[in-house]
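Single-letter residue listing:
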Amino acid sequence: MLSKFESKSARVKGLSFHPKRPWILCSLHNGVIQLWDYRMRTLIEKFDEHEGPVRGIHFHGNQPLFVSGGDDYKIKVWNYKQRKCLFTLLGHLDYIRTTFFHHEYPWILSASDDQTIRVWNWQARTAICVLTGHSHYVMCAQFHPSEDLVVSASLDQTIRVWDISGLRKKNVAPGLGGHDDIGGYRGGGMQGPGHTDLFGTTDAIVKHVLEGHDRGVNWVMFHPTMPVIVSAADDRQVKLWRMNDSKAWELDTCRGHYNNVSCAIFHPRQELMLSNSEDKSIRVWDMAKRTCVQTFRRDNDRFWILTAHPSLNLFAAGHDNGMVIFKLERERPAYSIHENCLLYVKQKTLRRLDLNTNKDQPVLQLPKKANYTSLTYNPAENAVLLGCRSANPDNSTYELHCLPRDATDSAVDAADSKRSSGLTAIWVARNRFAVLDKGHTLAVKNMRNEVSKKFQLANAEEIFYAGTGCLLVKEPDTVSLYDVQQKRALSSVKAAQVRQAIWSADMSNVALISKLTVTLCDRKLATLCTVQESVRIKSAAWDDSGVLLYTTANHIKYLLTSGDNGIIRTLDVPIYLTRVKGTSVYCLDRECVPRVLGIDPTEYRFKMALVNRKYEEVLHMVRHAKLVGQALIAYLQRKGYPEVALHFVKDERTRFGLAVECGNLDAALESARALDDKQCWERLGELALAHGNHQMVEMAYQRTKNFDKLAFLYLISGQLDKLRKMMRIAEIRKDTSGHFQMALLLGDVSERVRVLRTCGQTGLAGLTAAAHGLQEAEPGAADDPAAGPPTVTPPPNASLLQPPCPLRSQDSNWPLLTVTKDFFEAAMRARGAGGTAGAAAAAVASAGPASAVAAVEVEEAEVGSGWGDDEDDENASKGGAKGEGSDVEDEEGDGWEVDDDLDLPADAGGHDSAAGGGGYVPPVRGPPPRQVWTAGSQLAADHAAAGSWESAMRLLAQQVGVARFEPLKPLFVAAYARSRACLPTLAGSPPLFAAPLRNWKEAGSGGQRGGGGGLPAVGIRLRQLLDRLQTAYGLTTRGNFADAVDRFRQCLLGVLMLVVTSNQEVAEAKQLIEVCRNYIVGLQMELARKALPRTEEIRSAEMACYFTHCDLQPTHTMLTVRSALKILYKLRNFATAAMFARRLLELGPKPEVANETRKILQTCEKNPTDARQLNYDPHNPFDICAASYVPIYRGRPLVKDPLSGACYAPEFAGQLCRVTQCTEIGKDVTGLKISAHQSH
């Protein structure tokens, strides 16, 4: 049995597969209905409106409905899209055992303990027929898959077959299939239950009564295609019945179960039956031979229900503690690809498919129908090796077949075949192959199947092809490249539970495929990248360009050697890749049917060209391919290529963000003008100021009307004429403060005096005039009645406030190093030459000093008519003569004609003048270290150190079920703080920040952009946690239980931030969690005991006894036993106290304690009785519920905390763990991961 998914819950009494989606319904004994996605291993929804156990459950074949029946006598019809119960059908008078939809009509069939079977019309919501005749509980009733028949099983030891053709004729109109437009059925067909038949036809009659079981029958089912019935009963037998139109009889009985048989079903596509029983086993029976061919057992769970998927090779079984979904055999086809030829096994035939001509022909008739798991082809000898792997290594075999040279249209019998035992057989040379047996011995054999050499491979579990003379040897945690001739390992890589090794066409790279992981390595097994999946990986194949394509259950995905991955397309059913060629994927499905699927390789080819720096190919894709989507833009930003995304993004806001990120001022200016948004202009001003582009800064400040910053810009650049214009604008805007400040910056004393007088500060105006030697008052000042007293004389030592005079006006941009245009910008400029918007924007942005004047003119139009009016009037009064601020000296005439534009072809020139010779080319910025950490690690500690707390929380929720993150906040903050170091530099300069790495040697030589895949330095080490554990031990010894609990919890949660490298350290960390859990449960229970009132003597004694069963250190165990001994002695429970006294003496206490204990033992042995009855059985192993502090004895249902492993009663499932205070009890998780090479 190949287990695919298991869930933990209360007892499962009913199961139903969805016919199309990867869903299954589970009805539980506690009244809850669970909807699971078994492919993603997630619980989708819970439905809990029933009161009591729910036994019947069934999906509708076409509608988004399912029906349930429970012990509350109710049948409920649910809509899973709306996630609610639509209506309830009432009528049964006792427990309802099964409920089923009809495959065609809008009917529901229900069986009940009220000894009746009812047929309901779920559209009319009424019962249309009641079938009576059984004299005991009706345990099961089902429709026939194609005929108008119903079969029922009862505890009256009979099986009845009912003919319901009269019911169909009575309720379905002629010419209609019983369908109705409402809810997916055609109109008018169904008639009400009160319809009177003219000839009095009976709705349902008993056609056959089958008797043969000695006890009650629990289950019955029709065969999908044959007139055969299977039944399961409490007499431990499975019976086969056959019927025709006139009679029915027993075919045979299958015996083997040794307890009540709960359920029996037919295999949908093979001549097999499955049955399960309360003897904790599932048995598979051969229908032809009536013999048991397979048996699967569980240790503690009785089975109650079985169901089969209607179209897939999947089965589900419900037991006491949940359900299991399984297959009977592998469905992965055995195949091998060589050049354009595909060899594969289908049923009992080896077939060859030519991928060029699509000609498929049989090659070899295999001797028996076996479950072949591997196929390898030797083109030199035209021979194949077929492997048959079994769960029992003794039954694993391989077969050597030589194929016929001449192609025929019919398969040739395998006459000259050789068969031997062995786990795996792989070709290693032209006429040699290697065989690994169960004793870890590798034997090299020739074409006659004779051993030429043999040697031992310790811990070898599997071997894979690795070229001539070499093998890949799989060990528990590693894969090694082994040289067969030298008999030694050449290299190894850490990769756990590898199932496949797929080599690229040139044998330069290999993909190691495990259950949920793909690891790419080079020829020397150096790890290139690793990707983790959430669903099972089915197959993989290499593209001709060096990209790995692999399939999961529902997707085709790609993986580059750089670690980039993504989804290519979605799949309806799982497939197995054989060859990838261009836009076609050649594959096999589970029925071994060759298929060809079309894919779009543009995305991964674009990324591959970008990684390999093939910029011509990238540019071609940018121009011609449909590269769209925010995901691709985010990828280019993340990889440090925002300038590439800039050239094909059309959205102006996105373009602006990309231009700012890559420092492209021209593109940013163009987008800012198109958007005309204040925030964009502010960001552009900051970027231009950092680049020293004063003209663009000036324009941005003007567009945002940020006059303070604009005035300061004019001041520091010495542009006093523009500062005077700003002063006049401030006067027009009646901004007195700004007006005075600019007059102060310009050193214009008379203007300051005028501003002060205008705002009524005549005293300050007079003082300012006197201080600067302006004794004569302005006209009209003497006549001003508000002038106040005469101006005071300034102090003799007063100094004048005069701003320094600029040496020269800096109206040009800050000089920069000459930078070579990148490939994309040069190409796009060449393409956009000739008057395009991009060329125009570039011309405007690079216009030089004149752009500042243009910007001022734009601002004048915006501010109003006051900008520059005085100056214009002054110039006009002078007859157009230029003043001091004239730019006549700077203007160029048109005498020289060297700047005339020439019409040159776009492809004539190479680069800018600065590109040749010694132009400075800045290095390409790589991704930041923290981004590399999150991309290259699946450890929560690394994500927390990178500051990616959201992904760290997601990992912890998946791995250990963390649901409350407040207790982890100090750990996250500490991990982030430790992840960087501050390096002091020169005095007055800002410090440099560095990211310490734990794999700095490998990261330094990784050859990857952005650090070569480095990982953060380890913050918390296992030794530190063990030191904290010793401190907690000391607090426990001193009796500070509350503080000790906090310390133990800190140690336990600290394990989440560990990063270890060996399996031994992983085991030590898990042992540390176990120790902390035992102490926390015990100490919290002791604190709760001490808080009990004195009247709770019995409960206090019970909790003291439970405390002794916590696995503590011997010293602390001795203290718990002493405490329990004294409490029991005071309670006069002498028998139990004597047991504890003997236990204490066995622990070897101090002499004075031992003497006291012996006296207590002598007293107790004189009267070995207990005065009070305690809920405590020391001879029956139990776990302590960490919430209620009551024992959970072996065999009782329990749930566990996924992190600490603390045990709880089932009613605490879904609550927060009392030990960790942050994890969800009973959550299905993948397991704690603190090592990069750890497997679960």
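Residues numbered from 1 in each chain as written. Predicted model: local features only at pLDDT ≥ 70, side-chain atom pairs only at ≥ 80, totals over all residues. Heavy atoms only, no water.

## A look at empty space enclosed by the protein
Argument step 1. Tallying each qualifying case throughout the model produces four cavities of 30 Å³ or more.
Argument step 2. The computed volume of the largest cavity comes to approximately 240 Å³.
Argument step 3. Forming the walls of the largest cavity are 14 residues, and the residues nearest its centre are Y38, R39, K538, A553 and R590.
Argument step 4. Of the residues in the lining of the largest cavity, the class split is seven nonpolar, no polar and seven charged.
Argument step 5. Residue-level mapping places the lining of the largest cavity at the junction of two domains, with at least three residues from each of domain 1 (2-168 + 203-327) and domain 2 (500-612). (1 Å grid on protein atoms, 1.4 Å probe; cavity = no way out; pocket = protein on both sides within 12 Å on 5 of 7 lines; lining within 4 Å. Points joined across faces, edges and corners; volume = space filled by probe spheres on them. Nonpolar A, V, L, I, M, F, W, Y, C, P; charged D, E, K, R; others polar. Domains from an automatic or database assignment.)

## Here's the deal with the packing of aromatic side chains
Argument step 1. On inspection of all chains with the given rule, the structure shows 28 aromatic pairs.
Argument step 2. With a centroid separation of 5.7 Å and an interplanar angle of 80 degrees, the aromatic rings of F59 and Y80 are classed as edge-to-face. Of this pair, F59 sits in strand β6 (residues 54-59) while Y80 sits in the loop between β8 (74-79) and β9 (84-90); the two residues are 21 residues apart in sequence, bridging distant segments of the chain. Comparing F59 with Y80, the two get one shared label, buried. (Phe/Tyr/Trp six-rings, centres within 6.5 Å; stacked < 30°, edge-to-face > 60°. Helix = DSSP H or I, 4+ residues; strand = E, 2+ residues; numbered from the N terminus. Buried < 20%, exposed > 50% of the residue type's maximum accessible area, 1.4 Å probe, protein only.)

## Examining helix α30 (residues 1151-1166)
Because each turn of an α-helix spans 3.6 residues, side chains separated by three or four positions in sequence point in the same direction.
Argument step 1. A rise of 1.5 Å per residue sets the reference length of α30, with its 16 residues, at 22 Å; its end C-alpha atoms lie 23 Å apart and thus fit the reference within 8%.
Argument step 2. Taken together, the buried positions of α30 are occupied by V1153, A1154, T1157, I1160, L1161 and C1164. One face of α30 carries all of its buried residues, which in axial projection span an arc of 125 degrees. For α30, the exposed residues set more than 90 degrees away from the buried face come down to P1151, E1152, K1159, Q1162 and K1166.
Argument step 3. The secondary structure elements touched by the buried residues of α30 are α28 (1114-1130) and α29 (1134-1146). (Expected span 1.5 Å × (residues − 1). Arc of directions from axis to C-beta. Contact = heavy atoms within 4.5 Å.)

## A word on the pairing of strand β12 (residues 116-121)
Argument step 1. With six of six residues buried, β12 lies mostly within the body of the structure.
Argument step 2. Because side chains alternate across β12, one face comprises the buried residues T116, R118 and W120, and the other comprises I117, V119 and N121, equally buried.
Argument step 3. Here five bridges tie strand β11 (residues 107-112) to β12, and the two strands are oriented antiparallel to one another. In the sheet register, S110 faces β12, and the bridge partner there is R118. (Pairing = 2+ DSSP bridges.)

## Remarks on the sheet that holds strand β40 (residues 441-445)
Argument step 1. Taken in spatial order, the four strands make up an open sheet running β38-β39-β40-β41, and their pairing is antiparallel. With partners counted over all chains shown, the strands left at the sheet margins are β38 (424-427) and β41 (451-456), one partner each. Pairwise comparison of adjacent strand axes, ignoring direction, gives a mean angle of 20 degrees for this sheet.
Argument step 2. As judged from the five bridges shared by β40 and β41, these two strands associate in the antiparallel manner. Paired with K445 across the strands is V451, a residue of β41. (Axes fitted to C-alpha atoms, helices over the stretch in contact; angles between N-to-C directions.)

Everything listed is a geometric property; what it means functionally is a separate question.
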